[in-house]
Amino acid sequence: MWHGSIILGIGIWLIFGGFISSLQHPVNMVVTGFFTAICCFSSSRIFQASVLGILGLWLFISGIHDWMSVSTRIMVGSTNFLIVGLLLVCLGLYCIILQPRAMAKKEQLDTN
(Lines give C-alpha, C1' and ligand atoms only; values in the text may rest on other atoms or scores of the structure.)
Protein backbone atom coordinates (compact mmCIF):
# COMPACT_ATOMS: atom_id res chain seq x y z
CA MET A 1 0.00 0.00 0.00
CA TRP A 2 2.83 2.43 0.80
CA HIS A 3 4.25 1.87 -2.67
CA GLY A 4 1.22 3.41 -4.38
CA SER A 5 1.21 6.37 -2.00
CA ILE A 6 4.82 7.18 -2.81
CA ILE A 7 4.14 6.96 -6.54
CA LEU A 8 1.08 9.18 -6.13
CA GLY A 9 3.12 11.72 -4.14
CA ILE A 10 5.86 11.83 -6.77
CA GLY A 11 3.23 12.29 -9.50
CA ILE A 12 1.56 15.17 -7.65
CA TRP A 13 4.97 16.76 -7.06
CA LEU A 14 5.71 16.58 -10.80
CA ILE A 15 2.33 18.09 -11.69
CA PHE A 16 3.00 20.99 -9.32
CA GLY A 17 6.44 21.29 -10.91
CA GLY A 18 4.78 21.61 -14.31
CA PHE A 19 2.84 24.67 -13.18
CA ILE A 20 5.47 26.34 -10.95
CA SER A 21 8.40 27.51 -13.03
CA SER A 22 10.83 27.73 -10.09
CA LEU A 23 10.52 23.94 -9.65
CA GLN A 24 11.43 23.25 -13.28
CA HIS A 25 15.10 22.67 -12.65
CA PRO A 26 17.29 19.77 -13.82
CA VAL A 27 18.22 18.86 -10.23
CA ASN A 28 14.53 18.43 -9.38
CA MET A 29 14.14 16.12 -12.36
CA VAL A 30 17.26 14.08 -11.51
CA VAL A 31 16.23 13.55 -7.87
CA THR A 32 12.62 12.75 -8.76
CA GLY A 33 13.73 10.38 -11.51
CA PHE A 34 16.08 8.61 -9.11
CA PHE A 35 13.33 8.04 -6.55
CA THR A 36 10.90 6.92 -9.24
CA ALA A 37 13.41 4.40 -10.57
CA ILE A 38 14.05 3.12 -7.02
CA CYS A 39 10.29 2.57 -6.58
CA CYS A 40 10.30 0.18 -9.52
CA PHE A 41 12.35 -2.32 -7.51
CA SER A 42 9.66 -2.61 -4.84
CA SER A 43 6.68 -2.99 -7.14
CA SER A 44 4.78 -6.24 -7.12
CA ARG A 45 3.84 -6.53 -10.79
CA ILE A 46 6.16 -6.61 -13.77
CA PHE A 47 4.27 -4.01 -15.82
CA GLN A 48 4.32 -1.55 -12.90
CA ALA A 49 8.04 -2.09 -12.44
CA SER A 50 8.61 -1.60 -16.16
CA VAL A 51 6.59 1.61 -16.37
CA LEU A 52 8.16 3.05 -13.21
CA GLY A 53 11.64 2.12 -14.37
CA ILE A 54 11.16 3.70 -17.79
CA LEU A 55 9.61 6.88 -16.38
CA GLY A 56 12.28 7.15 -13.70
CA LEU A 57 15.09 6.72 -16.20
CA TRP A 58 13.44 9.21 -18.55
CA LEU A 59 13.29 11.84 -15.80
CA PHE A 60 16.83 11.08 -14.65
CA ILE A 61 18.35 11.20 -18.13
CA SER A 62 16.37 14.33 -19.08
CA GLY A 63 17.62 16.13 -16.00
CA ILE A 64 21.22 14.98 -16.50
CA HIS A 65 21.06 16.04 -20.16
CA ASP A 66 20.00 19.59 -19.34
CA TRP A 67 22.28 19.79 -16.32
CA MET A 68 25.44 18.73 -18.14
CA SER A 69 24.71 19.77 -21.72
CA VAL A 70 25.25 23.16 -23.27
CA SER A 71 22.95 22.48 -26.21
CA THR A 72 19.88 24.55 -26.89
CA ARG A 73 17.55 21.55 -26.63
CA ILE A 74 15.77 21.83 -23.29
CA MET A 75 14.19 18.66 -21.89
CA VAL A 76 13.28 20.15 -18.52
CA GLY A 77 10.00 21.81 -19.37
CA SER A 78 6.47 21.99 -18.11
CA THR A 79 5.23 19.46 -20.67
CA ASN A 80 7.71 16.83 -19.52
CA PHE A 81 6.76 17.39 -15.87
CA LEU A 82 3.01 17.28 -16.57
CA ILE A 83 2.96 14.17 -18.77
CA VAL A 84 5.15 12.09 -16.47
CA GLY A 85 3.29 13.43 -13.42
CA LEU A 86 -0.09 12.44 -14.84
CA LEU A 87 1.18 8.96 -15.70
CA LEU A 88 2.54 8.50 -12.19
CA VAL A 89 -0.69 9.74 -10.58
CA CYS A 90 -2.67 7.23 -12.64
CA LEU A 91 -0.29 4.42 -11.71
CA GLY A 92 -0.32 5.43 -8.05
CA LEU A 93 -4.11 5.48 -7.94
CA TYR A 94 -4.16 2.08 -9.62
CA CYS A 95 -1.86 0.72 -6.92
CA ILE A 96 -3.90 2.26 -4.10
CA ILE A 97 -7.44 1.51 -5.33
CA LEU A 98 -7.47 -1.50 -7.62
CA GLN A 99 -4.64 -3.66 -6.37
CA PRO A 100 -6.03 -4.26 -2.85
CA ARG A 101 -9.35 -5.30 -4.40
CA ALA A 102 -7.61 -7.83 -6.64
CA MET A 103 -5.63 -9.18 -3.68
CA ALA A 104 -8.81 -9.48 -1.60
CA LYS A 105 -10.51 -11.44 -4.39
CA LYS A 106 -7.50 -13.73 -4.65
CA GLU A 107 -7.50 -14.37 -0.88
CA GLN A 108 -11.23 -15.05 -0.98
CA LEU A 109 -10.75 -17.60 -3.75
CA ASP A 110 -7.87 -19.22 -1.85
CA THR A 111 -9.98 -19.68 1.29
CA ASN A 112 -12.84 -21.36 -0.61
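Below you will find a few notes about this structure. What you see as residue numbers is a count from 1 along each chain, following the sequence as written. Predicted model: local features are reported for residues with pLDDT of at least 70 only, side-chain atom pairs are reported and counted for 80 or more only, and whole-chain, interface and lining totals are derived from all residues. The side-chain numbers reported here are obtained from all heavy atoms of the structure, hydrogens and water having been left aside.

**Concerning the nonpolar core**
And step 1. Membership of the largest hydrophobic core comes to 15 residues, with the highest contact counts inside it found for Ile 7, Leu 14, Leu 52, Val 84 and Leu 88.
And step 2. Under the scheme used here, helices are H or I runs from DSSP no shorter than 4 residues and strands are E runs no shorter than 2 residues, and both carry numbers assigned from the N terminus. At the level of elements, α1 (2-19), α2 (26-39), α3 (46-68) and α4 (78-111) are the ones that each hand at least two residues to this core.
And step 3. It is α4 that provides the largest number of residues to this core, a total of five residues.
And step 4. Here, two residues are considered to be in contact whenever any of their heavy atoms come within 4.5 Å of each other. If near-sequence neighbours (up to four positions away) are discounted, Val 84 is found in contact with Leu 14, Leu 55, Trp 58 and Leu 59. Buried Ala, Val, Leu, Ile, Met, Phe, Trp, Tyr and Cys residues that are joined via side-chain atoms within 4.5 Å together make up what is termed a nonpolar core. Throughout this description, buried means an accessible area under 20% of the type-specific maximum (1.4 Å probe, protein chains only), exposed means over 50%, and partly exposed covers the range between.

**Side note on the packing of α1 against α2**
And step 1. To obtain an axis, a line is fitted to C-alpha atoms, over the contacting stretch when the element is a helix, and the angle between two such axes runs from 0 to 180 degrees between their N-to-C directions. Their axes nearest at 11 Å, the elements α1 and α2 cross at an angle of 160°. Classed by the angle they form, the pair α1 and α2 counts as roughly antiparallel. As α1 packs across α2, the resulting crossing turns out to be left-handed. Judged by residue contacts, His 3, Ile 6, Ile 10, Trp 13 and Leu 14 of α1 engage Asn 28, Thr 32, Phe 35, Thr 36 and Cys 39 from α2. The labels follow the angle: roughly parallel below 35 degrees, roughly antiparallel above 145, roughly perpendicular from 65 to 115, and oblique for the rest. What makes a crossing left-handed is the near helix being turned counterclockwise from the far one by less than a right angle; a clockwise turn instead makes it right-handed.

**Things to note about the packing of aromatic side chains**
And step 1. Put simply, two rings from Phe, Tyr or Trp (the six-membered ring, in Trp's case) pair if the centres are within 6.5 Å, and we call them stacked under 30 degrees between planes, edge-to-face over 60, tilted for the rest. By the definition in use, this model includes two aromatic pairs.
And step 2. Ring centres of Phe 34 and Phe 35 lie 5.8 Å apart, and the angle between their planes is 65°; this geometry places the pair in the edge-to-face category.

**Notes on the packing of α2 against α3**
And step 1. The interhelical angle for the contact between α2 and α3, taken along N-to-C directions, is 155°, at an axis separation of 7 Å. With respect to α3, the element α2 is oriented roughly antiparallel. The element α2 and its partner α3 pack so that their crossing is left-handed. Residues Pro 26, Val 27, Met 29, Val 30, Thr 32, Gly 33, Phe 34, Thr 36, Ala 37 and Cys 39 of α2 form the contact with α3, whose participating residues are Leu 52, Gly 56, Leu 59, Phe 60, Ser 62, Gly 63, Ile 64, Asp 66 and Trp 67.
And step 2. In this classification, the charged set is Asp, Glu, Lys and Arg, the nonpolar set is Ala, Val, Leu, Ile, Met, Phe, Trp, Tyr, Cys and Pro, and all remaining amino acids, among them Gly, are polar. Split into classes, the residues belonging to the contact of α2 with α3 amount to 12 nonpolar, six polar and one charged.

**Some details on a nonpolar patch on the surface**
And step 1. Residues Val 27, Val 31, Phe 34, Phe 35, Ile 38, Phe 41, Leu 57, Phe 60, Ile 61, Trp 67 and Met 68 make up a contiguous nonpolar surface patch of about 1100 Å² in total accessible area.
And step 2. Contributing elements (two or more residues each) for the nonpolar patch: α2 and α3.
And step 3. Following the sequence through the fold, Met 68 ends up in helix α3.
And step 4. Assessed through its relative accessible area of 61%, Met 68 is described here as exposed. Patch construction takes residues with relative accessible area above 30% that form no salt bridge. Like charges are linked within 9 Å, and nonpolar side chains (Val, Leu, Ile, Met, Phe, Trp, Tyr) are linked within 5 Å. Per-residue accessibility takes into account occlusion by the displayed protein chains alone, with areas from the Shrake-Rupley method and a 1.4 Å probe. Think of a salt bridge as a Lys or Arg side-chain nitrogen and an Asp or Glu carboxyl oxygen that are within 4 Å of each other.

**Focus: α1**
Every α-helical turn comprises 3.6 residues, leaving residues that sit three or four positions apart pointing alike.
And step 1. End to end, α1 covers 26 Å across 18 residues, agreeing with the expected 26 Å (1.5 Å per residue, within 8%).
And step 2. Turning to α1, its buried residues number three or more, namely His 3, Gly 4, Ile 7, Leu 8, Ile 10, Gly 11, Leu 14, Ile 15, Gly 17 and Gly 18. The span expected for a helix works out to 1.5 Å for each residue beyond the first.

**Observations regarding α3**
And step 1. Between its first and last C-alpha, α3 extends 32 Å over 23 residues, near the 33 Å set by a 1.5 Å rise per residue.
And step 2. Listing the buried residues of α3 in full gives Gln 48, Ala 49, Leu 52, Gly 53, Leu 55, Gly 56, Leu 59, Ser 62, Gly 63 and Asp 66.

**Quick notes on the side chain of Thr 36**
And step 1. For Thr 36, the position within the fold is in helix α2.
And step 2. A residue is classified by how much of its surface remains accessible, and Thr 36, at 1% relative accessible area, is buried.
And step 3. Pairs of N or O atoms are called polar contacts if they sit within 3.5 Å, as long as, within protein, a hydrogen donor faces a hydrogen acceptor (for residues adjacent in sequence, only side-chain-to-side-chain pairs). In this structure the side chain of Thr 36 is engaged in a polar contact, spanning 2.8 Å, whose partner is the backbone oxygen of Thr 32.
And step 4. Among all residues touching Thr 36, those that are not within four sequence positions of it are Ile 10, Leu 52, Gly 56, Leu 59 and Leu 88.

Honestly, it's all geometry; don't read function into it.
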